[in-house]
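Each chain is listed here by its residues.
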Amino acid sequence: MNEQPGGADRGEGRTELAPLKVNSLRIVEAGMAVWLVALVVSLALPSLHAGARSWWPWCCVAGLGIGVFGWVYIRRGRGNARDA
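Along each chain, the written sequence defines residue order, and numbers are assigned to residues from 1. Only residues with pLDDT of at least 70 get local features here, since the model is predicted, and only at 80 or more are side-chain atom pairs given and counted; chain-wide, interface and lining totals rely on the full set of residues. In computing side-chain properties, one takes all heavy atoms of the structure into account and sets aside hydrogens as well as water.

**Q** So what about the nonpolar core? Which residues, and what values?
**A** The term nonpolar core refers to a set of buried residues drawn from Ala, Val, Leu, Ile, Met, Phe, Trp, Tyr and Cys, joined through side-chain atoms within 4.5 Å. Buried, partly exposed and exposed residues are distinguished by accessible area as a fraction of the type maximum, computed with a 1.4 Å probe on protein chains only: under 20%, between the cut-offs, and over 50%, respectively. The biggest cluster of nonpolar side chains holds 7 residues, and these are Leu25, Val28, Met32, Leu39, Cys60, Leu64 and Ile74. Secondary structure elements follow DSSP: runs of H or I no shorter than four residues count as helices, runs of E no shorter than two count as strands, and numbering proceeds from the N terminus. Of all the secondary-structure elements, those providing two or more residues to this core are helix H1 (24–44) and helix H2 (56–75). Ranked by residue count, the leading element in this core is H1, at 4 residues. Setting aside anything within four residues of it in sequence, one finds Leu64 in contact with Met32, Trp35, Leu36 and Leu39. Here a residue-residue contact requires only that any non-hydrogen atoms of the pair lie within 4.5 Å.

What follows is the structure, given as structure tokens:
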């Protein structure tokens, strides 16, 4: 038999998994929304942007910037990212 430890069968009856279709733009937009919420929260609460944490809002700005770049990249259809 072709049975692996743990009960995993690696035999002839194995079916191939197809890639999952996802909307990449929606994923990037959701990530940007999370970074935006984090930016608003870090600016609204003084304890989150004072002293040693002064870089936290800039991290959120960088996340938003990378998200905008990714959104434009996918929107323009570079590579195969549009249907990824």
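**Q** So what's going on with H1? Which residues, and what values?
**A** Here H1 is 21 residues long and its end C-alpha atoms lie 30 Å apart, about the 30 Å a rise of 1.5 Å per residue gives. Considered for burial, the residues of H1 that qualify are Ser24, Leu25, Val28, Met32, Leu39 and Ser42. Along the long axis of H1, the arc covered by the buried residues comes to 115 degrees, so they all point the same way. For H1, the exposed residues set more than 90 degrees away from the buried face come down to Arg26, Ile27, Val34, Val37 and Ala44. Packing partners of the buried residues in H1 comprise H2. In the analysis that follows, any N or O atom pair within 3.5 Å is treated as a polar contact, provided that within protein one partner can donate a hydrogen and the other can accept it, and provided that, for residues neighboring in sequence, both atoms belong to side chains. Measuring from the side-chain oxygen of the N-cap residue of H1 to the backbone nitrogen of Leu25 gives 3.3 Å; that N-cap residue is Asn23. Helices are assigned an expected span. That span is 1.5 Å times one less than the residue count. This arc describes the spread of directions from the helix axis toward the C-beta atoms.

**Q** Let's hear about the pattern of salt bridges: which residues, and what values?
**A** Whenever Lys or Arg places a side-chain nitrogen within 4 Å of a carboxyl oxygen from Asp or Glu, that contact is recorded as a salt bridge. Applying the stated criterion to the full structure yields 2 salt bridges. Measuring nitrogen to oxygen at the nearest pair gives 3.8 Å for the salt bridge that ties Glu16 to Arg14. Put simply, Arg26 and Glu29 hold a salt bridge, and the shortest N to O gap is 2.8 Å. One end of the pair is Arg26 and the other is Glu29, both in helix H1 and 3 residues apart, which spans about a single turn.

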